[in-house]
Amino acid sequence: MADSFMINVPEGFELETFTRHLADFYRSGGFAVTSASLDNSIILDFDKGVGGINMLLGLDIGIKATFTVRENTLIVYFSDASWTGKIIGLCVGWFVCLIPLITAIIGAVKQAQFPNDLRNTVLMMIK
């Protein structure tokens, strides 16, 4: 699933400072956030509850967000959403027992909402 949005930013907008604050905000919420720079873009990888039992139950959340500024417009592109755990949880739940099926559905709903939550946080931090 890939999604993107654009928002106007003020003159002199510092992408590095903004993404550092955004990463710190999500780190304080329990996310592991890694950052990488590529040309004039910054890529943030957000992960929470990845691996172990959380993946088996489908409760992990993760997405990659690429931030680029062009002509006073911030472009955010989402990619690589973490759906593997949800698929595993649905399969295990369907064939073995009902609990992973339920938790995988809950995890899928949270994963589907995460890009919107991240978008709202970005908009809140810019305004």
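Residues numbered from 1 in each chain as written. Predicted model: local features only at pLDDT ≥ 70, side-chain atom pairs only at ≥ 80, totals over all residues. Heavy atoms only, no water.

Q: Which parts of the structure should I look at to understand the pairing of strand β3 (residues 41-48)?
A: On any regular strand, side chains alternate: one points to one face of the sheet, the next to the other face. Across 7 bridges, the pairing between strand β2 (residues 32-38) and β3 is antiparallel. Bridging from a neighbouring strand, S35 pairs with L44 of β3. The turn linking β2 back onto β3 is made up of 2 residues, and D39 within it adopts a positive phi angle of 55°. As judged from the 8 bridges shared by β3 and strand β4 (residues 61-70), these two strands associate in the antiparallel manner. Within the sheet, the bridge partner assigned to L44 lies in β4 and is A65. (Pairing = 2+ DSSP bridges. Helix = DSSP H or I, 4+ residues; strand = E, 2+ residues; numbered from the N terminus.)

Q: Got a minute to help me understand the pairing of strand β5 (residues 73-79) in this structure?
A: Burial runs high along β5: 5 of the 7 residues are buried. Sheet topology note: the strand β1 (residues 3-8)/β5 ladder contains 6 bridges and is antiparallel. By the bridge assignment, F5 is partnered in β5 with V76. The sheet contact formed by β4 and β5 spans 7 bridges and is antiparallel. Paired with T68 across the bridge in β5 is I75. Linkage of β4 to β5, two consecutive antiparallel strands, is achieved through a turn of 2 residues, within which E71 is found at a positive phi near 50°. (Buried < 20%, exposed > 50% of the residue type's maximum accessible area, 1.4 Å probe, protein only.)

Q: Sorry if this is basic, but what is going on with the pattern of salt bridges here?
A: Pairing between side chains of opposite charge can happen when their charged atoms approach one another. Taken as a whole, this structure holds 2 salt bridges when the rule is applied. The salt bridge partner of D3 is R119, with a shortest N-O separation of 2.6 Å. A residue pair is termed long-range when its members are at least 10 positions apart, and D3 in strand β1 and R119 in helix α4 (residues 98-126) qualify at 116 residues. Classification of D3 by relative accessible area gives partly exposed; the value is 27%. Note that D24 and R27 form a salt bridge whose closest N and O atoms lie 3.1 Å from each other. Taken together, the residues span about one helical turn, with D24 and R27 both in helix α1 (residues 15-28) at a distance of 3 residues. The class of D24 is partly exposed, set by a relative accessible area of 40%. (Salt bridge = Lys/Arg side-chain N within 4 Å of Asp/Glu carboxyl O.)

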